[in-house]
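Listed below, chain by chain, are the residues.
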Amino acid sequence: CSFMAAPCSLAVSKLFYPETEESKTTINDIVVEKGEESNVLDAAAKGASTAIMLVLNIGASLLAFYAFVTFLDEAVNWFGCSPGGRTHLHIPSRICPLSNSFSYWN
């Protein structure tokens, strides 16, 4: 699966089923708004700051998901252990984390 599969499938579908009526979306309907940047350096700086915020948001989302899965794993391990340290539910601690056990469960 590459990122070029979607445009290629659209192009091939146009070959098999061409448009016979007038298209609702033409080149004349496309409106490109002019940006607020005054030069190339300003545009590059604005693009870089936008990209950094996007990357930080993705990283924060991944960190929150990892923290939630770790919390669930530790909660299952804590409920499975008695005060003496023996497991009631026969859940091995740190050997089979919750994230892997759900993905490989039949």
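Notes on the structure in this doc start here. (Residues numbered from 1 in each chain as written. Predicted model: local features only at pLDDT ≥ 70, side-chain atom pairs only at ≥ 80, totals over all residues. Heavy atoms only, no water.)

Concerning the overall build of the protein chain
Alright, step 1. Counting its secondary structure elements, the protein chain contains three helices and zero strands.
Alright, step 2. In the protein chain, the succession of helices and strands from N to C terminus is α-α-α.
Alright, step 3. For the protein chain, with 106 residues in total, the buried portion stands at 7%.
Alright, step 4. Total accessible area computed for the protein chain in this model is approximately 10,100 Å², and 68% of it derives from carbon and sulfur atoms. (Helix = DSSP H or I, 4+ residues; strand = E, 2+ residues; numbered from the N terminus. Buried < 20%, exposed > 50% of the residue type's maximum accessible area, 1.4 Å probe, protein only. Areas by Shrake-Rupley, 256 points an atom, 1.4 Å probe, with all protein chains shown as cover.)

Things to note about the pattern of salt bridges
Alright, step 1. For the structure shown, the criterion picks out three salt bridges.
Alright, step 2. Here K46 and E36 are joined by a salt bridge, their closest N and O atoms 4.0 Å apart. With K46 in helix α2 (residues 40–80) and E36 in the loop between α1 (5–16) and α2, the pair connects residues that are 10 residues apart, well separated along the chain.
Alright, step 3. Residue E37 is joined to K46 by a salt bridge in which the shortest nitrogen-to-oxygen separation is 3.5 Å.
Alright, step 4. Of the residues examined, E37 reaches a relative accessible area of 28% and is grouped as partly exposed.
Alright, step 5. On the basis of relative accessible area, K46 is assigned to the partly exposed category, the value being 38%.
Alright, step 6. One salt-bridge network, in which partners are shared between bridges, spans E36, E37 and K46. (Salt bridge = Lys/Arg side-chain N within 4 Å of Asp/Glu carboxyl O.)

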